[in-house]
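An overview of the molecular structure
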Amino acid sequence: MKLFRKIAFCFLLILFADNVKAQTQPTRYLVKFKNKAGNPFSLTNPSAYLSQRSIDRRTRYSIGLDSTDLPVTPQYIDSIKSVPNVTVLNVSKWLNQVSIQTTDPANALSAINSFSFVLSANPLAARTRNNSSEPIETKFEERSLPVSQQAGSKITADFFNYGLSSAQVSIHNGQFLHNIGLRGQNMIIGMLDAGYQNYLTVKAFDSARANGQILGTHDFVAREASVNEDNAHGMQCFSVIASNIPGQFVGTAPKANFYLFRTEEAATEYPIEEHNWVCGAEKLDSAGGDVISSSLGYYTFQGAFNTPAYNHVYADMNGNKTMPAIAADLAAKKGILSVIAAGNEGNNSWHYIITPADGDSVIAVGAVNSTGVVANFSSYGPSADGQVKPDVASVGQGTIIQNPNNTIVSGNGTSFACPNIAGLATCLWQGFPEYNNIKIINTLRQSGSIANTPNDRIGYGIPDVKKALMQLVKEFSSAVVDIANCKASIDWTSKDVATMKYEIERKGPGETNFIKISERFGTGSNFSTQHYTFVDDLQNTPAGNITYRIRQIIDTAAATLSSDYIDTVSINLVQTCVISNENIIVLQPNPTRGQASIKISTPTSIQSLQIKITDLLGQALIILNQTKQAGTVVIPLPTGNIATGKYFVSVYGEGKLIGTRELLKL
């Protein structure tokens, strides 16, 4: 009896081993082609394979088409399909390759390698699992924790009431972008992930579904349209950007449009997933997408056939070696902004960032908590070729996310830091379509909290998108000055909304300091390009060089004003403009919210000049005494601290009243 049991056990063990072998034997392969010869598509007719929006992106940023844009030669694909027991899975035109599945590898590969146009055919993965109920994969290394719903009850003055997600938005001043109208409208974000379980029913996406913001879906693993029944990881990442539950959970670009692509087999880890990632990026490009948000990464493959040759080593993390890194840089070349999770390997033996976070034209995002402390699991940089990596950091520890059971929870992982930045990058870029993806990436880096001393944990630091917007405004803006009939005309172009303000300052001949001579508020209903003109009367101004500078205040409500000088222009007054021998007094700006100045023009010098500001009862509040030469002088008035109301400004010369003007303080 014991012998029978032993034989039976051995027989079962053999059956198990045969079953494992069947499960682990590579059945999926990558076929690379030598060229695109005989291709019926042409670079002169891109509308045959690219959407108009994709073509427009290339036109806007002066991006030329090249051979990587051409589809794979159809005849090549047809030849592969004709091989018995072969199914073509996904096609990459950028890398000129296809993934296939076969039930007869030996004969199939023999036939495929006989084709003159085939460069190579290598294994990618074992057979796909038949069951569709994939467990949440530990490779994402995140955990979800319940959070108190009471935390979302506060009401704020911001456009959105963020509730629980307030901290992960405000750490970047993200609410500022939303408040000025930059919420992702008309931008397209492509999510590349492992599935979007229950995205069709959970409450986070009520608004996105109702407004038609989800433009399309595709599953590159199962080769079907539906992604609702797969892994929840992508849905959770999606929620960090797109959620719109007022008072509970609002994402960083809730008005953007989205494509949801499943490229990852969450229950396995095979090189075919890298190929799928490339195909997802290509599909977004062809559809005209703007931004990729992908919380996926690769370094070793834990697939059942576990061939060490397919694993990566740290030296591969140089931005030029792996399939997804090459594809990420190709996406950047075609004008797409890619935001990638840096990885959760900080406490593991691998330690470093994972690909495609190593791409030199992507934003790799590390993780911090809501107070800016680095999460210990966040992967270390630099890349193998010495790039600063991660590029930036965002909240990836205790990040608010949507769970598939319709609860709002917190989760950990650079997976969640990545979409937080992707949404804000999208909103920032929305405001500056004139600038390309690389400009936006560099500006975000420069706005980081440690931009001057980057390190290998958070790169350039935690981006401040208000600071980034101010920098882009400054670079975008321009001014010119012209003179005619003793009037200087200052024309400038900038971007603003009605809550922003401009201050015009002048430094005249012989003067050492700039003095504010006017102010005006913006006129944009949403953040947009505007044009303005200010005319300065130069009557009796002495000849010489006159310099004007324009200061733009982008947040007048901030405790510390967010502002910078957007341009400085000068003009040379050849001779004194003398139009009248009359005394001229001008208050500027008037009305004023802060400090005003007074411009006094007299044909003669005044040794005893007095300026007196009185209230409606005649009580003197401010008295200034000085001298002036013949011509025009601008004198600042210390009106910043006086109360709102109406006042009178009187000017006396040698004890005699020259004139009185009414000043309104707002």
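A brief report on the enclosed structure follows. (Residues numbered from 1 in each chain as written. Predicted model: local features only at pLDDT ≥ 70, side-chain atom pairs only at ≥ 80, totals over all residues. Heavy atoms only, no water.)

1. Quick word on the sheet that holds strand β27 (residues 620-628)
Sheet strands line up and pair through hydrogen bonds in the backbone, either parallel or antiparallel. We apply this condition: Should DSSP find at least two bridges between two strands, the strands are regarded as paired. The numbering of helices and of strands both runs from the N terminus, where a helix is a DSSP run of H or I of at least 4 residues and a strand a run of E of at least 2. Between N-to-C directions, angles span 0 to 180 degrees; the directions come from axes that are lines fitted to C-alpha atoms, helices contributing only their stretch in contact.
Ordered by their spatial adjacency, four strands build an open sheet running β27-β26-β29-β30, and the pairing between neighbours is antiparallel. Edge positions in the open sheet fall to β27 and β30 (656-665), since each of these has one partner strand only. Each neighbouring strand pair of the sheet contributes to a mean axis angle of 20 degrees, computed without reference to strand direction. As paired elements, strand β26 (residues 606-614) and β27 share seven bridges and run antiparallel to each other.

2. Here's the deal with the nonpolar core
Cut-off, in case you're wondering: To qualify as a nonpolar core, a set must consist of buried Ala, Val, Leu, Ile, Met, Phe, Trp, Tyr and Cys residues joined through side-chain atoms within 4.5 Å. Think of it in three bands: residues with accessible area under 20% of the maximum for their type are buried, residues over 50% are exposed, and the middle band is partly exposed, with areas taken using a 1.4 Å probe on protein chains only.
Core analysis: the largest hydrophobic core is formed by 92 residues, its most contacted members being Leu469, Trp492 and Tyr548. For this core, the element with the highest residue contribution is helix α11 (residues 414-431), accounting for 10 residues.

3. Focus on the packing of aromatic side chains
Put simply, the rule reads: When the centres of two rings from Phe, Tyr and Trp lie within 6.5 Å, Trp using its six-membered ring, the rings pair. Their planes under 30 degrees apart give stacked, over 60 give edge-to-face, and anything left gives tilted. Criterion for a charge above a ring: Lys NZ or Arg CZ within 6 Å of the ring centre, and within 35 degrees of the ring normal.
Using the criterion set out here, one finds 19 aromatic pairs in the structure. Ring geometry for phenylalanine 33 and phenylalanine 117: centres 5.8 Å apart, planes at 55 degrees, overall tilted. With a gap of 84 residues between them, phenylalanine 33 in strand β1 (residues 26-33) and phenylalanine 117 in the loop between α4 (105-113) and β4 (118-126) connect regions that are remote in the sequence. The residues phenylalanine 33 and phenylalanine 117 share a single accessibility class, namely buried. Cation over ring: lysine 439 sits above tyrosine 435, and NZ or CZ is 5.5 Å from the ring centre.

4. Quick word on the pattern of salt bridges
Let me state the cut-off plainly: Any Lys or Arg side-chain nitrogen found within 4 Å of a carboxyl oxygen on Asp or Glu counts as a salt bridge.
Under the criterion given, the structure shown has 27 salt bridges. A salt bridge links arginine 28 to glutamate 265; the nearest nitrogen and oxygen atoms lie 2.6 Å apart. Within this pair, whereas arginine 28 is found in strand β1, its partner glutamate 265 is found in the loop between β10 (257-262) and α9 (272-287), the two being separated by 237 residues in sequence. Assigned by exposure class, arginine 28 and glutamate 265 land together as buried. Put simply, aspartate 536 and arginine 506 hold a salt bridge, and the shortest N to O gap is 2.8 Å. One end of the pair, aspartate 536, is in strand β21 (residues 528-537); the other, arginine 506, is in strand β19 (residues 501-507), and 30 residues separate them in sequence. Put simply, Arg57, Arg58, Asp66, Asp69, Asp285, Lys333 and Lys334 are held in one network by salt bridges that share partners.

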